[in-house]
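Tertiary structure, described
Spelled out from the first residue to the last, the chains are:
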Amino acid sequence: AQPGAAAPVAAPLRDLEWGQINFLHTTDTHGWHGGHLQEPQYSADWGDYVSFAEHMKKKADDQGVDLLLIDTGDRIEGNGLYDASDPKGKYTYDIFSEQSIDVICTGNHELYQADAVTREHDITVPNFKDSYLASNLDYIEPETGNQIPQAKRYRKFKTKNQGLNIVALGFLFNFDRNANNSVVIPVEETIKEQWFLDAIREKPDLFVVTGHVGLRMKEFEQIYKVIRDQNWYTPIVFFGGHAHVRDTRKFDDNAFAIASGRYFETIGWMSIDGVTKKGDDEFSAQASASFKRRYIDNNLFGLQYHTGLNETTFPTEHGRNVTKMIADGRKALNLDKTFGCAPQDLWMSRAEYPSNSSIFTWLEELVMPDIVVNKERADVPRLAITNTGMIRFDIFKGAFTIDSTYIVSPFVSMLNYIPNVPYNVAKKVMPLLNNGGQLFAGNMDPALDAKYLVSPEQWSLATQPQLENLETESPVHFMDTADGQKPLGDGDSSERPGLIGGYTTKDDLGDNGDDTVHSPLKFYAVPNCIQTEIDFPIKGDPDKVDLVFVDYVQPWVIMALKFSGGDYSTDDVKVWSNETVTDMIAGWIWENWKVDC
Ligand SMILES: O=c1ccn([C@@H]2O[C@H](COP(=O)(O)O)[C@@H](O)[C@H]2O)c(=O)[nH]1
């Protein structure tokens, strides 16, 4: 870890169980390759991961088993190390490519902005040549306008020590907000393409399906079915992401999927035993494989423990160099520069909304009234709406740095508005966004599913096994009022005093997946959107308001207006300001949190 990073923590650990073929999995790292500087339990950096992987490969070689590394996308957006440079990713692409990865695919974040798509094509794909898979993603070449595969559709290879034949695929969920120099081919179409039908007839010993896909989304289900129909006995292992959770899903005795969290908090471990090498006698392959998983907390204490090494013997020269690349990048970007001092912790979902500890209450009550200002519209009352998914991470009490700005909200969204909307129409928008029932259930228009208004942690929690016993009547993303909130998990640490709060994952294999035994944390559902009334008359309602909203929510706002009796279209939308909301929030912090810390 970098100098100055918080010290690793000591905690009870569960061992990794090795099999014939083993995997280390990262996903949704979102630029956190420098580790979590404010959370010791996730403070190892990408250089430490390089050292870890080198030691684990040696262990695999010594045992004559195999170890493969997987990354399932969303490597960018969400941390100063990526977002603060110009161009973005000036340091992260090189840092990331120092890890030797066997199968890597694309996430939706690599596709939001056209320049990021191009960088992925020009930098990451060549960096990972044979390993980069794009089963359902095309790139539009700028020179010719031709639509070409972003990378190879699939990969067939033999493992180093066991000689197992693998067919690997790399998918993205059916994402439709991608920049127009990329084309995401829906999974249901891809699985009918000839190359895919050929791939699943290759008769490998094991299918490795990677994807920036939530484990419980329909896309993996579709892929599973079509592979299983063609291959009754072949083990299939899925590596997913996008949902920002730790999870393992059982499709059948011979097919499991793992998701390894978010923000480089977690390194996923999956091991498989009982994979039969297919000889001429195909029926020898009918025996069931066994799958084991662990979610490794990404800190030096754990990484050293799992390798059997210590402070002195753990870092490899390569790993140290990568850690130095990270430190140099952070320094060049001045990421530790403090420009405000947060007076308290502000939580996304670890505090009830509304409450004094909720980041959304802080935004709604303190920040929005100050930043949603436009001299030319100063005399018009306004309703300002933002989706809660725009906020990506908590604010910790203490130094707020350049890095924190991008950690809290990396998006380049700006504010738009529709002027002079009758108040009795405008006031219906927010209730519809938060409790629109069928309107935003994704049935009428999948792109307008309300789950895309909240952060992935929120919507995917709704489908997690640990929620089965919760008394929630509606999915988390349709919680309409604060009164409906229930803590997710009991948050009771009294049974295991001294444990650090953290993940207590329950998945299809049970409740012993986390390598570190934690005490549970309480999480609360949050609304899809929040709204602030600004410059309203002291008495009574205004006749008309400016309806101001973060540009990301525009399609939902237009639809909600239609259902509220306001016939507006994108033609009625105007630009409120040319500053990103992230910069506005940073400006507010600069002005209001000046105290030294
Ligand atoms: O401009 C944007 C883009 C995305 N969001 C929010 O992010 C999630 C998607 O998160 P992933 O990490 O890509 O899985 C989406 O549901 C939105 O809530 C945003 O607010 N603004």
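Chains are numbered independently. Their residues run from 1 in the order of the written sequence. Since the coordinates come from a predicted model, pLDDT governs what is reported: local features require at least 70, and pairs of side-chain atoms require 80 or more to be given and counted, while whole-chain, interface and lining totals use all residues.

As annotated in an unreviewed UniProt entry, the protein carries the name Calcineurin-like phosphoesterase and comes from Pseudomassariella vexata.

**A few points about the pairing of strand E16 (residues 382–387)**
In plain terms, the rule: Three classes are used. A residue is buried when 20 or more other C-beta atoms lie within 10 Å of its own, exposed when 12 or fewer do, and partly exposed in between, with C-beta atoms placed from the backbone. Strands are runs of DSSP state E lasting at least 2 residues, helices are runs of H or I lasting at least 4, and numbering of each runs from the N terminus. For two strands to be treated as a pair, DSSP must find no fewer than two bridges joining them.
Of all 6 residues in E16, 6 are buried, a share of seventy percent or more. Neither face of E16 is open: one carries Arg 382, Ala 384 and Thr 386, the other Leu 383, Ile 385 and Asn 387, and all of them are buried. Relative to strand E19 (residues 529–534), E16 runs antiparallel, the two being bridged by 6 bridges. The residue bridging Asn 387 from the neighbouring strand is Cys 529, located in E19. With 4 bridges connecting them, E16 and strand E20 (residues 544–550) associate as parallel partners. The residue of E20 that forms the bridge with Ile 385 is Phe 549.

**Looking at the sheet that holds strand E14 (residues 290–297)**
Heads up, the rule is: The contact criterion used is a C-beta to C-beta distance within 7 Å, with each C-beta placed from the backbone. In this description, a line fitted to the C-alpha atoms serves as the axis of each element, helices being fitted only across the stretch in contact, and the angle between N-to-C directions of two axes falls anywhere from 0 to 180 degrees.
Taken together, the 5 strands give an open sheet; going across it, the order is E3-E2-E1-E13-E14, and neighbouring strands pair in mixed fashion. This sheet does not close on itself; its edge strands, each paired only once, are strand E3 (103–104) and E14. Both strand E1 (residues 21–26) and strand E2 (residues 66–71) contribute to a ladder of 6 bridges, which runs parallel. In the sheet register, Thr 26 faces E2, and the bridge partner there is Asp 71. In this fold helix H1 (residues 46–63) packs onto E1, E2 and strand E13 (266–273), with an angle of close to 150° to the strand it touches most, E2.

**Section: the domain arrangement of the protein**
This is how the line gets drawn: Domain limits in this description derive from either an automatic procedure or a database domain assignment. Side-chain classes are defined by residue name, with Ala, Val, Leu, Ile, Met, Phe, Trp, Tyr, Cys and Pro counting as nonpolar, Asp, Glu, Lys and Arg as charged, and the others, Gly among them, as polar.
Annotation of the protein at the domain level lists domain 1 (21–332) and domain 2 (338–488 + 524–592). When each unit is reduced to the centre of its C-alpha atoms, the spacing between domain 1 and domain 2 is 32 Å. Listed per partner, the contact involves 15 residues of domain 1 and 13 residues of domain 2. Residues that form the side of domain 1 that touches domain 2 fall into these classes: 3 nonpolar, 7 polar and 5 charged.

**Overview of the UniProt feature "domain: Calcineurin-like phosphoesterase" (unreviewed entry) in the protein**
Rule in force here: UniProt positions are given in the numbering used here, feature names are shortened, and annotations may be inferred rather than shown by experiment.
In the numbering used here, UniProt assigns the feature "domain: Calcineurin-like phosphoesterase" (unreviewed entry) to residues 22–245. The annotated region residues 22–245 carries 29% helix and 21% strand content, and the separation between its end C-alpha atoms amounts to 21 Å.

**Considering the site of the ligand**
Operational definition: Working rule for contacts: place C-beta from the backbone, and if it is within 6 Å of a molecule or strand, that residue counts as near it.
The environment of the ligand is made up of 15 residues, and the closest members are Gly 389, Met 390, Phe 411, Tyr 452 and Tyr 552. Partitioned by chemical class, the residues of the shell around the ligand number 7 nonpolar, 7 polar and 1 charged. Taken domain by domain, the shell around the ligand gets at least three of its residues from each of domain 1 (21–332) and domain 2 (338–488 + 524–592).

**Overview of the packing of H1 against helix H8 (residues 300–307)**
Here is the rule we go by: Here roughly perpendicular refers to angles of 65 to 115 degrees, roughly parallel to angles under 35, roughly antiparallel to angles over 145, and oblique to all remaining angles.
In the contact formed by H1 and H8, the axes pass within 10 Å of each other and the chain directions differ by 10°. On the basis of their axis angle, the class for H1 and H8 is roughly parallel. Contacts between H1 and H8 involve Asp 48, Phe 52, His 55 and Met 56 from the former and Leu 300, Leu 303 and Thr 307 from the latter. Along the lines of polarity and charge, the residues of the contact of H1 with H8 split into 4 nonpolar, 2 polar and 1 charged.

**Here's the deal with the sheet that holds strand E11 (residues 246–252)**
A sheet is described by the order of its strands in space; here 6 strands give the open sequence E6-E7-E9-E10-E12-E11, paired in mixed fashion. Either end of the sheet is taken by a strand with one partner, and the two such strands are strand E6 (154–158) and E11. On average, each strand axis in the sheet is inclined to that of its neighbour by 20°, with strand direction left out of account. In the sheet, strand E9 (residues 206–212) pairs with strand E10 (residues 236–240) via 4 bridges, with the strands oriented parallel.

**A closer look at the nonpolar core**
Basically, it comes down to this: Defined on buried residues, the nonpolar core groups Ala, Val, Leu, Ile, Met, Phe, Trp, Tyr and Cys residues joined through C-beta atoms within 7 Å.
Counting 156 residues, the largest nonpolar core has Val 429 and Leu 547 as the members making the most contacts within it. In this structure, this core is formed jointly by two domains, domain 1 (21–332) and domain 2 (338–488 + 524–592), each of which donates at least three residues. Not counting residues up to four positions away in its chain, the partners in contact with Val 429 are Ile 385, Leu 547, Val 557, Ala 560, Leu 561 and Ser 564.

**Observations concerning the environment of Val 50**
Note on placement: Val 50 falls in helix H1. The spatial distance from the C-alpha of Val 50 to the C-alpha of Gln 554 is 42 Å, given a sequence separation of 504 residues. With residues up to four places along the chain from it excluded, the contact list for Val 50 reads Glu 98, Gln 99, Thr 316, His 318, Gly 319 and Val 322.

**Examining unusual backbone geometry**
A cis amide bond, omega -5°, links Asp 86 with the succeeding residue Pro 87. Each neighbour pair has its own omega, and for Tyr 353 with Pro 354 the value is -5°, a cis peptide bond. The phi torsion at Asp 28 lies on the positive side, around 50°, for a residue other than glycine. Within the secondary structure layout, Asp 28 lies in the loop between E1 and H1. Residue classification places Asp 28 among the buried residues on the basis of 28 C-beta atoms within 10 Å.

**Re the environment of Gln 458**
Tracing the backbone through its elements, the reader meets Gln 458 in helix H14 (residues 456–461). By C-beta crowding, Gln 458 is classed as buried, having 26 other C-beta atoms within 10 Å. For the pair Gln 458 and Met 348, spaced 110 residues apart in the sequence, the C-alpha separation amounts to 9.9 Å.

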